[in-house]
Amino acid sequence: MAATILGFDFNEMKAQPGLSIVRSENGAWTATHEIVIKASDFADLSANFARGNLLALVDPNVPSPFDEFLRIDTVTFVRSEGDLITFNVNATGGTAQFENDELAEGVEPTYQLTGQLTNADLSQHRKWKALGDGDKKLLGMLISGLLNYDITDAILYLNNEANARVGYIDQLSAADANSFAVRIQQGQSTYEKATFTWAETTEGLDQLTPAQINKLGQISIPRGTPPEPTGVRDWMLTSATQSQAGELYRTTLEWSLSDEGGHDDFLYD
């Protein structure tokens with residue numbers, strides 16, 4: 001036990017057995033270590049445990065190459081019998097993960113594909129998009145309440161000042177338009193839409209690059225091997241998140257797959 005270690009020199013820091021170093025799936029490193037000092041040396045030695053210092057500063061025997069990049073993240077300490085203080089040290093380390101907008105050599109990203117159903121307006125449905133402009137306008141008026149739809153007679157109408165039904169001058173022409181009108185008249189305005197996202201996660205010393213920040217909200221080709229659906233569809237960078245632990249940044253970039261026809265390249269290219 002740490003409390004039984006005796007024979008300290010002045011301002012000596014004694015590393016305890018059991019240094020643990022773990023490598024994450026993204027190639028980053030974390031370490032845990034115990035260092036014991038005399039309580040009377042606390043004022044002189046506590047600064048050595050400051051966040052960002054090399055772990056090797058408090059234990060010169062940290063093996064190579066970890067002595068060159070593992071840096072102290074968080075520290076807790078307890079005072080124990082024998083007038084000793086035990087520091088429980090967590091350290092992190094890694095390499096740069098980006099070179100401009102690309103992954104640096106040796107970086108090990110992980111990827112995740114997510115498919116789910118979300119509520120979307122009927123106007124986003126592929127069958128709606130295939131309608132003519134006239135039918136789209138009439139359905140929009142139906143949704144807004146300017147028109148009503150007689151499901152039995154399949155006609156659009158409005159109510160005059162006497163609250164009598166008056167057939168509207170324009171009528172729906174496509175069969176799919178009438179199918180939409182039935183659902184709208186019955187109170188439906190949304191449908192369950194399939195959406196897919198492709199996420200890349202890396203860990204390293206770099207924050208988001210200016211190029212990555214500027215690409216958010218733009219059509220972009222994801223890294224990795226995302227699925228390639230049939231038809232004219234593309235990806236847009238729709239999310240960029242980053243968290244920090246010690247000297248490490250965990251970065252997740254997320255791309256969203258478009259509907260048939262692709263994202264609007266006027267707005268998003």
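All of the points below concern the structure found in this document.

About the cut-offs
Residues numbered from 1 in each chain as written. Predicted model: local features only at pLDDT ≥ 70, side-chain atom pairs only at ≥ 80, totals over all residues. Heavy atoms only, no water. Helix = DSSP H or I, 4+ residues; strand = E, 2+ residues; numbered from the N terminus. Contact = heavy atoms within 4.5 Å. Pairing = 2+ DSSP bridges. Axes fitted to C-alpha atoms, helices over the stretch in contact; angles between N-to-C directions. Expected span 1.5 Å × (residues − 1).

For the rest of this paragraph, the subject is the side chain of histidine 263. Along the chain, the position of histidine 263 falls in the loop between strand S14 (248–257) and helix H6 (265–268). Not counting the four nearest positions on each side in its chain, histidine 263 is found in contact with Ile219, Asp234, Trp235, Met236, Ser256, Leu257, Ser258 and Tyr268.

In spatial order, the strands read S9-S10-S11; together these three strands make up an open sheet with antiparallel pairing. One side of each edge strand has no neighbouring strand; the edge strands of this open sheet are strand S9 (148–150) and strand S11 (165–167). Neighbour to neighbour, the strand axes of the sheet diverge by 50 degrees on average, direction disregarded. Pairing between strand S10 (residues 155–159) and S11: three bridges, direction antiparallel. Each bridged residue has a counterpart across the sheet, and for asparagine 159 the counterpart in S11 is arginine 165.

Compared with the 16 Å implied by 1.5 Å per residue over twelve residues, the 17 Å span of helix H3 (residues 133–144) between its first and last C-alpha is a close match. Buried-residue contacts for H3 involve helix H2 (126–129), S9, S10 and helix H4 (175–185). Positive backbone phi, at 95 degrees, marks glycine 145, one or two positions downstream of H3.

A separate point is unusual backbone geometry. That bond from serine 64 to proline 65 is cis: its omega, 0 degrees, falls within 30 degrees of zero. Residue position: proline 65 is located in the loop between helix H1 (42–45) and strand S4 (71–80). Not every positive phi belongs to a glycine, and asparagine 11 is a case in point at roughly 55 degrees. Here asparagine 11 is to be found in the segment before strand S1 (14–15).

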